[in-house]
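Results of the structural survey
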Amino acid sequence: MLVNATKWLKLASYMTETNRKKIRMKKIKGLIIALAVGAAAIATSCQKDETLRYYNATMGNIVDGRFVSDQGNTFNIVEQTCEGRLDTLKRAFTICDILSSTGTNEYDVRLNYITSVLTKAPLLSSEIEDMSQMANDPALLSDLWISGGYINLYITVPIKIGSDTKHMINLILDETAKEDGTYTFTLRHDASGEILKEGQNTNMVLAAGYVSFPVSHLIKEDQAKIKIKWYSYRMASPNMISSQTENYSTERLYKKDSFEQVPSTTYNNSMTTFSNMR
């Protein structure tokens, strides 16, 4: 049961080019943080052997200074309207305009947005002496998708305004839980003490970021069922999380050559970018 909060936390609503509205949060029981919800749809990214689309939002790796998407398309940056250098990153999420085709699955593009994607190899349970000694702070797994041999996560956590506290994110493969052919992973989060607590009277906002875990070296089958477990803040409504927590799990089918789009909800919002994930 949620209890009365002493302070309410608010995030700005998503703002489109022509329509900017504010969401006014009402007091309800419990310590709540409002999630920013996207209000506009964005066109899907281009696929192999399909007609070019002007707008492209996709994730991929930087290879020899060029962006190679998880679909296998190579993008040559010939124009750029945003800050950031592609050649300083290993993996990234980009939004760009397709300008022209320059070869098979190769395109000249205008780069409009770029953000780094944290990339970490999953840990193996056999390498961890005592799982109970690992931090297990709550984190909201807002989105999950599979592409390019990666399990990709969009993780949301509460942080103090102006905080530079580092948060550690790990995905652990339980090597003892594969009797039925399922690969079971557990998400672990170490917030270094920066968590949402009941009765807390400190200004906090929600921050979110991308993290990719390569698993093709662990999953040898062409396809296999995967299960991911995590400890999360409880949803108080479709737009809100509370200080109460709960254990969750989800199952997905992993396919070796599968590609799933980056969910538009991960970039159609005004969420603070979570740059302190490690």
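For the structure itself, look to the data block above.
First, a word on scope: everything that follows refers to the structure included in this document.

Analysis parameters
Every chain is numbered independently, its residues counted from 1 as its sequence is written. It should be noted that, the model being predicted, local features are given only for residues of pLDDT at least 70 and side-chain atom pairs only at 80 or more, the latter also being counted only at that level, while totals for whole chains, interfaces and linings use all residues. Processing note: side-chain calculations cover all non-hydrogen atoms of the structure and skip hydrogens and water entirely. Secondary structure elements are taken from DSSP: a helix is a run of H or I of four residues or more, a strand is a run of E of two residues or more, and numbering for both begins at the N terminus. Each residue is assigned to one of three classes by its accessible area relative to the maximum for its type, calculated with a 1.4 Å probe on protein chains only: buried under 20%, partly exposed between the two thresholds, exposed over 50%. Residues are treated as being in contact if the distance between any of their heavy atoms lies within 4.5 Å. A 1.4 Å probe and the Shrake-Rupley method give the accessible areas. Residues count as covered only by the protein chains that appear here. Note on pairing: DSSP must find at least two bridges between two strands before they are called paired. Each axis is a line fitted through C-alpha atoms, and for a helix only the stretch in contact is used; angles between axes span 0 to 180 degrees, taken between their N-to-C directions. Classification of ring pairs uses Phe, Tyr and Trp, with its six-membered ring standing for Trp, and accepts pairs whose centres are within 6.5 Å; under 30 degrees between planes counts as stacked, over 60 as edge-to-face, and the remaining range as tilted. Note on geometry: a ring has a charge over it if NZ (lysine) or CZ (arginine) is within 6 Å of the ring centre and within 35 degrees of the ring normal.

1. Here's the deal with the overall build of the chain
Counting its regular elements, the chain contains 0 helices and 16 strands. Relative to its 278 residues, the chain shows a buried fraction of 46%. Across the chain, the fraction of contacts at a sequence separation of at least 24, relative to all contacts at a separation of at least 6, is 72%. Accessible surface, the chain as shown: approximately 14,300 Å² in total, 47% of it carbon and sulfur.

2. Considering unusual backbone geometry
For asparagine 105, which is not glycine, the phi torsion reads 55° and is therefore positive. With respect to the helices and strands, asparagine 105 occurs in the loop between β5 (91-103) and β6 (106-116).

3. Observations concerning the pairing of strand β14 (residues 223-237)
As paired strands, strand β12 (residues 183-190) and β14 are joined by 4 bridges and run parallel to one another. Residue pairing in the sheet places threonine 184 in a bridge with lysine 227 of β14. Here β14 pairs with strand β15 (residues 240-255) via 13 bridges, running antiparallel. Along β15, the bridge assignment pairs serine 237 with methionine 240.

4. Considerations on the sheet that holds β6
Sheet architecture is closed into a barrel: 5 strands sit in the order β2-β3-β4-β6-β5, paired in mixed fashion. If you compare each strand with its neighbour and ignore which way they point, the axes differ by 55° on average. Strand direction decides the pairing type here: strand β4 (residues 74-80) and β6, joined by 6 bridges, are parallel. Residue pairing in the sheet places isoleucine 77 in a bridge with valine 109 of β6.

5. Overview of the packing of aromatic side chains
The final tally for this structure, using the stated rule, is 8 aromatic pairs. Pairing phenylalanine 93 with tyrosine 210 gives two aromatic rings, centres 5.2 Å apart and planes at 40°, and the pair type is tilted. Of this pair, phenylalanine 93 sits in strand β5 while tyrosine 210 sits in strand β13 (residues 204-214), and the two are 117 residues apart along the sequence. Assigned by exposure class, phenylalanine 93 and tyrosine 210 land together as buried. Following the ring pairs from residue to residue traces out a cluster consisting of Phe93, Tyr113, Trp145, Tyr154, Tyr210 and Tyr267. Its end group placed over the ring of tyrosine 150, arginine 91 keeps NZ or CZ at 3.8 Å from the ring centre.

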